[in-house]
Amino acid sequence: MMKKLMVILLLLSPLLVGAEARPLGDDPAIEARLKSLSQELRCLVCQNQTLADSSAPLAEDLRREIRELITKGMTDKEITDYLVARYGDFVRYRPPMKPQTALLWVGPGLLLLAGLGGLWFTLRKRNAQLPDDNEEGEEA
Amino acid sequence: MKGSMKFLLPLAIFLILVGFFAAGLKLDPREVPSPLINKPAPAFRLPQLGAADKTFSPEDMRGQVWLLNVWASWCSACREEHPLLMEMSRQNAVPLIGLDYKDTDADANGVLTQAGNPYKLVATDADGRVGIDYGVYGVPETYVIDKAGVIRYKQIGPITEEALRDKIMPLVKGLQ
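The numbers attached to residues start from 1 for each chain and follow its sequence in the written order. The lettering of chains begins at A and the numbering of ligands begins at 1, in the order of writing. Under the rules for a predicted model, residues below a pLDDT of 70 receive no local features and side-chain atom pairs below 80 are neither given nor counted, while totals for whole chains, interfaces and linings still include all residues.

Trainee: Just checking my understanding: could you explain helix 5 (residues 161-175) of chain B for this structure?
Mentor: Since there are 3.6 residues in each turn of an α-helix, residues three or four apart along the chain are aligned in direction. Residue and element names in this part refer to chain B. Comment: elements are numbered from the N terminus, with helices defined as DSSP H or I runs of at least four residues and strands as E runs of at least two. Expected span, for any helix, means 1.5 Å times one less than how many residues it has. Under the 1.5 Å per step criterion, the end-to-end length of helix 5 is 20 Å for 15 residues, consistent within 8% with the ideal 21 Å. For helix 5, the principal kink sits at I168 and spans about 35°; a proline, P170, occurs within the next four residues. Partly exposed residues are those whose C-beta has more than 12 but fewer than 20 other C-beta atoms within 10 Å; 20 or more makes a residue buried and 12 or fewer makes it exposed, with C-beta atoms placed from the backbone. Along helix 5, the residues that are buried comprise L164, I168 and V172. Those residues of helix 5 that are buried are in contact with helix 2 (76-91), strand 6 (141-145) and strand 7 (151-156). The quantity called bend is, for any residue, the angle between two axes fitted respectively to the seven residues ending at it and the seven beginning at it. In this description, a residue-residue contact is defined by the distance between C-beta atoms placed from the backbone, which must lie within 7 Å.

Trainee: Would you explain the interface of chain A and chain B in this entry?
Mentor: Much of the literature gives interface size as the accessible area that the parts lose upon coming together. The interface of chain A with chain B comprises 14 residues on the first partner and 12 residues on the second. Contributions of two or more residues to the side of chain A that touches chain B are made by helix 3 (57-71) and helix 4 (76-87) of chain A. The biggest single contributor to the side of chain A that touches chain B is helix 3 of chain A, with 5 residues.

Trainee: I would appreciate a short explanation of unusual backbone geometry in the present structure.
Mentor: The bulk of non-glycine residues show a negative phi, and the bulk of peptide bonds are trans. Residue and element names in this part refer to chain B. Cis geometry marks the peptide bond from V139 to P140, where omega comes out at -5°. You can see P140 is positioned in the loop between helix 4 (129-133) and strand 6. Unusually for a residue other than glycine, N38 sits at a positive phi of about 65°. Since 11 C-beta atoms lie within 10 Å of it, N38 is described here as exposed. One non-glycine residue with positive phi stands out, namely N92, at about 60°. Residue position: N92 is located in the loop between helix 2 and strand 4 (96-101).

Trainee: Explanation requested: the environment of D81(A) in the structure shown.
Mentor: Mapping D81(A) onto the fold places it in helix 4. In sequence terms D81(A) and R92(A) are 11 residues apart; their C-alpha atoms lie 9.8 Å from each other.

Trainee: Looking at this structure, how should I read the pairing of strand 6 of chain B?
Mentor: The side chains of a regular strand alternate between both faces of the sheet. Residues and elements named next belong to chain B. Burial of strand 6 is extensive: 5 of the 5 residues sit out of reach of the surface. Burial along strand 6 is two-sided: E141, Y143 and I145 and T142 and V144, pointing in opposite directions, are all buried. Across 5 bridges, the pairing between strand 3 (residues 66-71) and strand 6 is antiparallel. Residue pairing in the sheet places W66 in a bridge with I145 of strand 6. Alignment of strand 6 against strand 7, held across 5 bridges, turns out to be antiparallel. Bridging across to strand 7, I145 finds its partner in I151. The criterion for strand pairing is that DSSP finds at least two bridges linking the strands in question.

Trainee: Would you mind going over the domain arrangement of chain A with me for this structure?
Mentor: Along its sequence, chain A is organised into domain 1 (25-96) and domain 2 (97-140). Here the limits of each domain have been adopted from an automatic or database domain assignment. Relative to domain 2 of chain A, the C-alpha centre of domain 1 of chain A lies at a distance of 45 Å.

Trainee: How should the environment of P140(B) be read in this particular structure?
Mentor: Residues and elements named next belong to chain B. A tally of 25 C-beta atoms within 10 Å means that P140 is categorised as buried. When the C-alpha atoms of P140 and P158 are compared, they prove to be 5.6 Å apart, with 18 residues separating the residues in sequence. Residue contacts for P140: discarding those within four places in its chain leaves N69, V70, W71, C75, A77, C78, E81, G157 and P158.

Trainee: Whenever I open this one, the packing of helix 2 (residues 28-38) of chain A against helix 3 of chain A confuses me. Can you help?
Mentor: In a pair of packed helices, the angle between the axes and the distance between the axes together describe the arrangement. Residues and elements named next belong to chain A. The N-to-C vectors of helix 2 and helix 3 enclose an angle of 125°; their axes lie 10 Å apart at closest approach. In this view, helix 2 runs oblique relative to helix 3, as classed from their interaxial angle. Helix 3 is crossed by helix 2, and the crossing has right-handed handedness. Taken together, the residues of helix 3 that come into contact with helix 2 (itself represented by I30, R33, L34, L37 and S38) are R63, I66, R67, I70 and T71. Angles shown run from 0 to 180 degrees and are taken between the N-to-C directions of axes, each axis being a line fitted to C-alpha atoms and, for helices, limited to the stretch in contact. Working rule for angles: under 35 degrees goes down as roughly parallel, over 145 as roughly antiparallel, 65 to 115 as roughly perpendicular, anything else as oblique. A crossing counts as left-handed when the near helix is turned anticlockwise from the far one by less than a right angle, and as right-handed when that turn is clockwise.

Trainee: How do you make sense of the nonpolar core when you look at a structure like this?
Mentor: Generally speaking, a soluble globular protein has its nonpolar side chains buried in company with each other. Residues W66(B), L67(B), L68(B), I97(B), Y143(B) and I145(B) are the most contacted members of the largest nonpolar core, which totals 56 residues. Residues in contact with Y143(B), not counting those within four places in the same chain, are A41(B), L67(B), L68(B), Y134(B), I151(B) and K154(B). One nonpolar core equals one set of buried Ala, Val, Leu, Ile, Met, Phe, Trp, Tyr and Cys residues connected by C-beta atoms within 7 Å.

Trainee: Mind showing me how you'd approach the pairing of strand 5 (residues 121-125) of chain B here?
Mentor: All names here are of chain B. Of all 5 residues in strand 5, 4 are buried; the element is thus mostly enclosed. Pairing of strand 4 with strand 5 involves 5 bridges; the strand directions are parallel. The residue bridging I97 from the neighbouring strand is L121, located in strand 5. For the crossover that starts at strand 4, traverses helix 3 (residues 105-115) and ends in the parallel strand 5, the hand is right-handed. When the strands point away from the viewer, a crossover counts as right-handed if the route from the first strand across the helix to the second turns clockwise.

Trainee: How do you make sense of helix 2 of chain B when you look at a structure like this?
Mentor: The largest bend along helix 2 of chain B reaches roughly 40° and is located at H82(B), with the proline P83(B) sitting one to four residues downstream. C78(B), E81(B), H82(B), L85(B) and M88(B) are the residues of helix 2 of chain B that are buried.

See below:
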């Protein structure tokens, strides 16, 4: 009898241990917003990771903070501004367009224009030289 | 003349690149410039280490130039700057307030008993919320706060002798 009871208890024990994984937060809508927001934000400890990816203690604290700000009803922009006010634009993966970041935004375009300009000049110069080559060819 | 100019063009481009790289070498990507410089120090009221009935707020330091040093017992870089902090407190040059960041009182007291306590007082930020308000991301960090309660300088990482001699102390002297 005792043995049977032990066997039954043993068979039941996985049910007790194998509970469903606890969700990180209670409200799936909040978690979804937290996820999309934290993918746009840089973890300042491991700077090449987003806040969503990082397991640094500061990243955990900041996720907790963002979760609370979402619960308070703040918009995504307000939350981003809250973090920028503390950590600077560096916390954003998409830097804003400002006088300080103008070169960052227009720089690639400027380089492309410079390259195209250089190409145009070289081609024009070569075109100008071509008739000379032909004349030389005729003479030969 | 035109031929020799053309010959110099790659050299010029090379020198420009060297200039960029040389400037890049001096930049430390781990040093994120704080947006809080020249802004009022964020307000807080926190319990004091070793005196649970007392609290500290930056407001208490109004009218004085002071340093807020963010540290923790688990932070090994904090030990590096600790002798310098001890020296500063011996010279009594500027009030040094500690902010014990994400730490337990027992651990923090242990370090201060063992290595010496350079602080006028230590406020305890157990859950790191005040740290977030100050944009703390790597302890130790030190803020120079002026008489009006405005942050004038932030040292990220341990205070070095050079930083103390060339930046922090001249700034503090000027503000006092």
